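Residue-level structural notes
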Amino acid sequence: MSGLQWFMVLFGWFSLVVFVVGAAYKAIKFSTMPLNLRWEVYPVPHEEAEKRHYGGSYMEEMDWAKKPLPSSLAGEIVEMGSEIFFLKRVRQYNPYNLWPFSLAMHWGIYLLFGWVFLLVIGAILKVDALSQITGIVGIVSFVLGAFGCLTLMIKRATNSELKLYTEPVEYFNLLLLLAIFVTGIISWLMDPSFAGSRDYVGGAIFFSPTPVPSVVLLNFLLFGIFLIYMPFSKYLHYLAKYFNFHQSLWDDAFKQKGSPKDLKNIEQVGYTLHWAGPHASPDETWLENAQKLLLEEKEEKK
Amino acid sequence: MKKQVNFRDIARLTDEPLIKLEVEDLIELPVEEPPMEPPKEKWLESYDFSLDGHSPFDRLKPKTQEEKERLVFGFMSGLEKLFNREANWTFLKIFKLSMDYCVKCQTCSEACHTYVASGRQEIYRPTYRSEILRKLYKRYFTPSGKLLKSFVGADVEVNYKTVWRLLELAYRCNVCRRCALYCPVGVDNALIAREIRKIFSQELGIAPVELLRKGSRQHLAKGSSTGMTPAACKATIEFLEEDIEERTGRKIKFPIDKKGADILLIQNAGEFLAWPDNPAAFAILFDAAGINYTLSSEMCGYDAVNYGVWFDDIEATRVGLKHLTIAKELGVKKIVVGECGHAHKAMCVLLDRVLPGDFALPLLPRESCLPLFWDIVKSGRVKLDPNRNNFPTVLHDSCNVVRLMGIVKPQRNVLKAICAQPYREMNPHGPMNYCCGGGSGFAIMNSLNFPQFRKKVTERMKVKQILEAFKDVLDPSIDKMVVAPCSNCKGALRDALAHYGLWENHRILYSGLVELIVNAMVDIPPFLKWEWEE
């Protein structure tokens, strides 16, 4: 067994660990940020069905603070699902017709993970019946993904308005994905059963690498780089999206006295202000500043 | 003509504006309008118009290099504080995630009435100002920006012009947050505009004079952002009592500082001065419905506004604390906010997580006046005749009340019950409505030539919507009403209807909602005045 094969086994595990630890680290970092002020935007999908439909809220009622808060998990799941699987907002509102291309790329990525998952299951359970479905998922992923990445790159490079906002790193991100999908297509062309890919995954799982075609190794090398890079790049927007929607745009829950949110609030108004404007006392806390209604105006900074 | 602008232009060391606005580039309106005027010659020497030939800042341009450097240093110091968990706990999470995870798909662009109405000028795109801030932050504060520079987009240089133009850009957004509804990632570009405003206000004390010095500072010093003192407030109320008696024959005493009342009604003090029929109508309706309420004559207690909501968390907290303390001391069961959109959001939503403990909403409820209106109307406690309101009406949705609080139905239910003709909806409406163009302080910002920008660009989409809603009844022989239950929206509508001649040529007037309810009361004379009041 060659050093390269062993490297690829270890690299596979390493990339998986970095991905899991990195994404978890980011999720913890996001969730431990200070409790922000309420900043919701309606419609909020966990409202009761009728209100959700026209964008209403519990604040349309009288004495709402004495009533239980609405909470429809189904509403949130449907809204999130339509966003994740159909890119609803891009379809409805994007003025550059990015939707079909972006949808293709996103489904390419979803199916890429599905393909790897099926390879893992197939390697562990050694079920031949899975190989056909694995093959279909793989090639559909690669074709959709390659089409999506390529067309998005072309769109971004040729439309002057999109081009202005597209930095080299954004092309790099698309290029990395494109390379994964293209090497996937090549490996399929060389072997439509993805036997080489299955051998690599099986070898990695059981630490018994076997020789596989170079293009398969390249395909998994690029996928590993993608996993390592993802938590530290804009690829992680799926996680940010969760926090943006659930802890900002849809977070309409008012707090009760003595609740964890209230205690957090008490802690936070005790933070030092830091701001140095003429109407601010930077060394005092937020609460102390709030209680001082009329500070001596410091000389305005010119 | 629409000009190509790129990001590095923001740092151009010239007084030449990045773009020149021309009426022919803006979206078309089926009305004649005054031409776009350049800034007055005498202003050019003293003030900076280098963004788009407009400015709300009557602040003298820095003359020396030292003055410029002080501004840049203050800006950079403030920018760093936006990412500090103590200095910016109020919005750090939303801000940081919006800064780091925009995927630049531009799906939000068409949501913005300013961008669209301007003829899609690049600098007004919701992502343009965010991108400038992002590039500056990356370049000066992140290892990737310092190392990889333009590869990651860290390619805008900070200088006096960059800072000034960014300040101006922060005041080209109404913070209506329609763009946040469009974003597939939940990025909030309007919040970023507000965060930029915070840098300037909280770190440097720079904000439009109407918002800070004559706004929240004056509110806290004199009792109202209008400058109205408690004594002046009482005198105004006495005048209103006399006016009500004269017009309706009813002797109504406004309850003031009544301890233990069910409701503390807090209204925008601008109503007392600009639209006194609105607080008068509240008094007539509440009296007729037997509502146990009170007004406050305490400093700040008679003015619901909280301008800090638009630009400064410190000021927002101060004014909010004052409002809630007054309610606590009066021992009222709840606060009801009058027809003022941003005061609704401040009181019922934002203050929820600013002030802890006894100020929690279940202990001191804060509610909109709109559900209460509907409760009064549907209860039949006040006899109403819809035929009193027999004219076409169109409803304008205040962003703060509708998109940002989800109060959509009560005002519609009221209109259905009190108008003889079905009320009209704007297109789009409800949470997808367009801002009136006066949001986030624009309605009261009148320095230099900023009003021209407001009338021509930010209010333009609303004028288009109104004309479309009334397209079959534009004949000036038919009186028509735009119903806007929000003071700032009314300010913007007054501005726009006058500028485009909609009252003069089409008899389109505007009003709050409570005036229409009182106009439908059968046992008093009609309340609405079909006349234009400046």
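Note that this is a predicted model, so its numbers are computed, not measured. (Residues numbered from 1 in each chain as written. Chains lettered and ligands numbered in written order. Predicted model: local features only at pLDDT ≥ 70, side-chain atom pairs only at ≥ 80, totals over all residues. Heavy atoms only, no water.)

A count of helical and extended segments in chain A gives 13 helices and zero strands. When its helices and strands are written in sequence order, chain A yields α-α-α-α-α-α-α-α-α-α-α-α-α. For a compact globule of 302 residues, the expected C-alpha radius of gyration is about 19 Å, and chain A comes in at 25 Å, more than 25% above that figure. Based on the C-alpha atoms only, the size of chain A along its principal axes is roughly 75 × 45 × 45 Å. Split into buried and exposed, the 302 residues of chain A put 53% on the buried side. Considering only intrachain contacts with a sequence separation of at least 6, the fraction spanning at least 24 residues in chain A is 63%. Carbon and sulfur atoms provide 70% of the accessible area of chain A, an area that totals close to 13,900 Å². Charge separation in chain A, taken as the distance between the mean sites of 25 positive and 27 negative side-chain charges, equals 3 Å. (Helix = DSSP H or I, 4+ residues; strand = E, 2+ residues; numbered from the N terminus. Rg over C-alpha atoms; globule rule 2.2 N^0.38 Å. Buried < 20%, exposed > 50% of the residue type's maximum accessible area, 1.4 Å probe, protein only. Contact = heavy atoms within 4.5 Å. Areas by Shrake-Rupley, 256 points an atom, 1.4 Å probe, with all protein chains shown as cover. Lys, Arg positive; Asp, Glu negative; His and termini not counted. Charge placed at Lys NZ, Arg CZ, Asp CG, Glu CD.)

Applying the stated criterion across every chain, the model contains 66 salt bridges over all chains. When the shortest N-O distance is used, the salt bridge between A:Glu83 and A:Arg89 registers 2.8 Å. With respect to class, A:Glu83 is no different from A:Arg89; both count as buried. The salt bridge partner of B:Arg412 is B:Glu425, with a shortest N-O separation of 2.7 Å. Highlighted residues: B:Arg412 in helix α19 (residues 409–418) and B:Glu425 in strand β6 (residues 424–425), separated in sequence by 13 residues. Looking at B:Arg412, the relative accessible area reads 6%, which means it is buried. (Salt bridge = Lys/Arg side-chain N within 4 Å of Asp/Glu carboxyl O.)

Turning next to the packing of helix α3 (residues 92–100) of chain B against helix α5 (residues 126–141) of chain B. Residue and element names in this part refer to chain B. Where α3 contacts α5, the axes come no closer than 10 Å and their chain directions differ by 90°. Here α3 is positioned roughly perpendicular relative to α5, judged by the angle of their axes. Side by side, α3 and α5 meet where Phe 95, Ser 98 and Met 99 of the first sit next to Leu 133, Arg 134 and Tyr 137 of the second. (Axes fitted to C-alpha atoms, helices over the stretch in contact; angles between N-to-C directions. Parallel < 35°, antiparallel > 145°, perpendicular 65-115°, else oblique.)

A word on the confidence of the model for chain A. Low pLDDT means the predicted atomic positions in that stretch should not be read closely. Summary statistics for chain A give a mean pLDDT of 94 and a share of 97% for residues scoring 70 or more. The low-confidence segment residues 298–302 of chain A (pLDDT under 50) makes 15 contacts with residues lying over four places distant or belonging to another chain. (pLDDT = per-residue confidence, 0-100.)

With that settled, consider the sheet that holds strand β1 (residues 263–266) of chain B. All names here are of chain B. Here four strands make up an open sheet; going across it, the order is β2-β1-β3-β4 and the pairing parallel. For this open sheet the edge positions go to β2 (293–294) and β4 (366–368), each flanked by a neighbour on one side alone. In this structure, strand β3 (residues 334–337) lies alongside β4, joined through three bridges in parallel fashion. Across the sheet, residue Val 337 finds its bridge partner in β4, namely Ser 368. (Pairing = 2+ DSSP bridges.)

Moving on, we get to the interface of chain B and chain A. By a frequent convention, interface size equals the accessible area lost on bringing the separate parts together. With 108 residues of chain B at the interface, the matching set in chain A holds 91 residues. When the buried area of chain B at its contact with chain A is split by residue, B:Trp89, B:Lys93 and B:Arg353 rank highest and sum to 11% of it. Counting across the interface, chain B meets chain A through 10 salt bridges. A:Glu167 serves as the salt-bridge partner of B:Lys138, at 3.5 Å between the closest nitrogen and oxygen. Here the side of chain B that touches chain A gets eight residues from one element, more than from any other, and that element is helix α9 (residues 189–204) of chain B. The residue inventory of the side of chain B that touches chain A, partitioned by class, reads 53 nonpolar, 17 polar and 38 charged. (Buried area = accessible area lost by both parts, 1.4 Å probe. Nonpolar A, V, L, I, M, F, W, Y, C, P; charged D, E, K, R; others polar.)

A contiguous nonpolar patch, built from A:Trp6, A:Leu10, A:Trp13, A:Leu16, A:Val20 and A:Phe207 and spanning about 550 Å² of accessible area, is present on the exposed surface. Residue A:Phe207 is classed as partly exposed on the basis of its relative accessible area of 43%. (Patch = residues over 30% accessible without salt bridge, like charges linked within 9 Å, V, L, I, M, F, W, Y side chains within 5 Å.)

Another aspect to go through is the layout of surface pockets. All names here are of chain A. Taken as a whole, the largest pocket encloses approximately 820 Å³ of empty space. Secondary structure elements with two or more residues in the lining of the largest pocket: α3 (73–86), α5 (99–125), α6 (129–158), α8 (168–190) and α11 (237–249). Broken down by element, the residue count for the lining of the largest pocket peaks at six residues, all from α5. Counted by class, the lining of the largest pocket contains 22 nonpolar, four polar and five charged residues. (1 Å grid on protein atoms, 1.4 Å probe; cavity = no way out; pocket = protein on both sides within 12 Å on 5 of 7 lines; lining within 4 Å. Points joined across faces, edges and corners; volume = space filled by probe spheres on them.)

Another aspect to go through is the nonpolar core. The biggest cluster of nonpolar side chains holds 231 residues, and the ones touching the most others in it are B:Phe75, B:Tyr128, B:Leu133, B:Tyr171, B:Phe286 and B:Phe373. Among the elements that line this core, the one with the most residues is α5(A), at 10 residues. Within the second largest apolar cluster, 27 residues are counted, among which are B:Cys176, B:Val463, B:Ala484 and B:Cys489. (Core = buried A, V, L, I, M, F, W, Y, C linked by side-chain atoms within 4.5 Å.)

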